[in-house]
Amino acid sequence: MQFRPVMGFVAILTIAAFLLPASLVAQEKTEGTEMMKKMEMMEMPFGGEADVAFAEALWTEMDGYDSWVLQSDIMPGKSPHGMFIRMYYNIVTLDGVAYHVVVKDNYGGMDVTLDMVKAAPADYLMAITTMVQREAGYDSDNNDWYWVKHAPDGMVAKNDMDMALAGRVAKGMPVGCISCHVNAGGDYLFLND
Ligand code: HEC
């Protein structure tokens, strides 16, 4: 009579020892699958088909931006993209919608000087980085800006992971357009700081 509860206890322990890890594994598996499902449903913040299509339509519409009335002089830049820069602003209409567009030409090259760039800007143009203020709700966390980096020939640039740099570029990541422009005093624009 005395060992019965002990046996019972041991039995419970044994059963528990078998059941517990099994149920934990099962639970982890379910969580894993749930996570995968969530990730599939989650839209990547940039580099998608719609982002690139917008970049291409934008490039066509902003053709000739170097003659926009509102533009800066060529000057030294502070961003990682250009030793020298020139900024442009205009309203660009795409599919009947008018957008504020800010373009930055990024110039660079070996031993390049301000005078050299001023004399022949096209020779030193390395990339064109553009911000478009999209419709409300496009990216309400970040002032609804759309970001894109074009090569001088109009191709959309890609990052190391082969993702097109177009859309809510690097949203939620520690480096990239958004995380750096967050430091531009709330409107994401450095030019008016
Ligand atoms: C590490 C910081 C940093 C990153 C990353 C960055 N920028 Fe900038 N950006 C700047 C700074 C600083 C300026 C001000 C002009 C200058 O010094 O080049 C600027 C200026 C601009 C401007 C002109 C409007 C303004 O804010 O003055 C545009 C457009 C722009 N960046 C687009 C982009 C895009 C698109 C990306 C991503 C592909 C990007 N930037 C990534 C720092 C950054």
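Residues numbered from 1 in each chain as written. Predicted model: local features only at pLDDT ≥ 70, side-chain atom pairs only at ≥ 80, totals over all residues. Heavy atoms only, no water.

Quick word on the pairing of strand 3 (residues 84-94)
Here two bridges tie strand 1 (residues 70-71) to strand 3, and the two strands are oriented antiparallel to one another. Bridge pairing links L70 to Y89 in strand 3. In this antiparallel pair of consecutive strands, strand 3 and strand 4 (residues 97-107), the connection spans two residues, and D95 shows a positive phi of 50 degrees. (Pairing = 2+ DSSP bridges. Helix = DSSP H or I, 4+ residues; strand = E, 2+ residues; numbered from the N terminus.)

Some details on helix 2 (residues 49-61)
For an α-helix, the turn length of 3.6 residues means that residues three or four places apart are oriented alike. Its 13 residues give helix 2 an end-to-end C-alpha distance of 18 Å, which sits within 8% of 18 Å, the value for a rise of 1.5 Å per residue. Among the residues making up helix 2, those that are buried are D51, F54, A55 and L58. Buried positions in helix 2, seen along its axis, are confined to an arc of 100 degrees and lie on one side of it. Projecting away from the buried face of helix 2 at angles above 90 degrees are the exposed residues E49 and T60. (Expected span 1.5 Å × (residues − 1). Buried < 20%, exposed > 50% of the residue type's maximum accessible area, 1.4 Å probe, protein only. Arc of directions from axis to C-beta.)

Notes on the site of the ligand
By nearness alone, 22 residues border the ligand, and K78, C177, C180, H181 and L191 come closest of all. With respect to the ligand, the backbone of K78 contributes an N or O atom lying 2.5 Å from an oxygen atom. Between the ligand and K104 there is a distance of 3.1 Å, counted from an oxygen atom to a side-chain nitrogen or oxygen. Within the residue set of the shell around the ligand, elements represented by two or more residues are strand 3, strand 4, strand 5 (125-133), strand 6 (145-150) and helix 5 (177-181). Here the shell around the ligand is built from residues that sort into 13 nonpolar, seven polar and two charged. (Near = heavy atom within 4 Å. Polar contact = N/O pair within 3.5 Å; in protein donor to acceptor, adjacent residues only side chain to side chain. Nonpolar A, V, L, I, M, F, W, Y, C, P; charged D, E, K, R; others polar.)

What to know about the pattern of salt bridges
In this structure the tally under the stated criterion is four salt bridges. A salt bridge links R134 to E135; the nearest nitrogen and oxygen atoms lie 3.2 Å apart. Relative accessible area serves as the criterion here: at 37%, E135 is assigned to the partly exposed category. Salt-bridge contacts for D162 lead to K158; the nearest nitrogen and oxygen are separated by 3.9 Å. Residue class for D162 comes out exposed when judged on its relative accessible area of 56%. (Salt bridge = Lys/Arg side-chain N within 4 Å of Asp/Glu carboxyl O.)

As for the packing of aromatic side chains
One pass over the structure, following the stated rule, counts five aromatic pairs. Their ring planes at 90 degrees and their centres at 4.9 Å tell us that Y65 and Y88 sit as a pair that is edge-to-face. Linking Y65 in the loop between helix 2 and strand 1 with Y88 in strand 3, this pair joins segments that are 23 residues apart in sequence. Both residues of the pair, Y65 and Y88, count as buried. (Phe/Tyr/Trp six-rings, centres within 6.5 Å; stacked < 30°, edge-to-face > 60°.)

Considering the coordination of the iron atom of the ligand
Just one protein atom donates to the iron atom of the ligand; it is H181 (NE2), sitting 2.1 Å from the metal. With respect to the element layout, H181 can be found in helix 5. (Donors = N, O, S within 2.8 Å, 3.2 Å for Na, K, Ca; no water.)

Concerning the pairing of strand 6
Regular strands place their side chains on alternate faces of the sheet. Taking burial as the measure, the six residues of strand 6 include five buried ones, the bulk of the element. Sheet topology note: the strand 5/strand 6 ladder contains six bridges and is antiparallel. Each residue of the ladder has a partner; that of Q133, found in strand 6, is W145. Pairing of strand 6 with strand 7 (residues 166-167), which is carried by two bridges, proceeds in the antiparallel orientation. Following the sheet pairing, W147 is matched in strand 7 by G167.

Thoughts on the confidence of the model for the protein
Looking at the protein as a whole, its pLDDT mean stands at 85, while 78% of the residues score no less than 70. Counted against residues more than four places away or in other chains, residues 5-21, with its pLDDT under 50, gives one contact. (pLDDT = per-residue confidence, 0-100. Contact = heavy atoms within 4.5 Å.)

With respect to the nonpolar core
As a rule of thumb, soluble globular proteins bury nonpolar side chains together. With 26 residues, the main nonpolar core has L58, W68, V101, V103 and Y146 as its most contacted residues. Mapped onto this core, the elements with two or more residues apiece are helix 2, strand 3, strand 4, strand 5 and strand 6. Ignoring anything within four residues of it in the chain, the contact list for Y146 reads D51, F54, A55, L58, T130, M131, V132, R134, Y138, A166 and G167. Of all hydrophobic cores here, the second largest spans 13 residues; its members include F46, V169, A170 and Y188. (Core = buried A, V, L, I, M, F, W, Y, C linked by side-chain atoms within 4.5 Å.)

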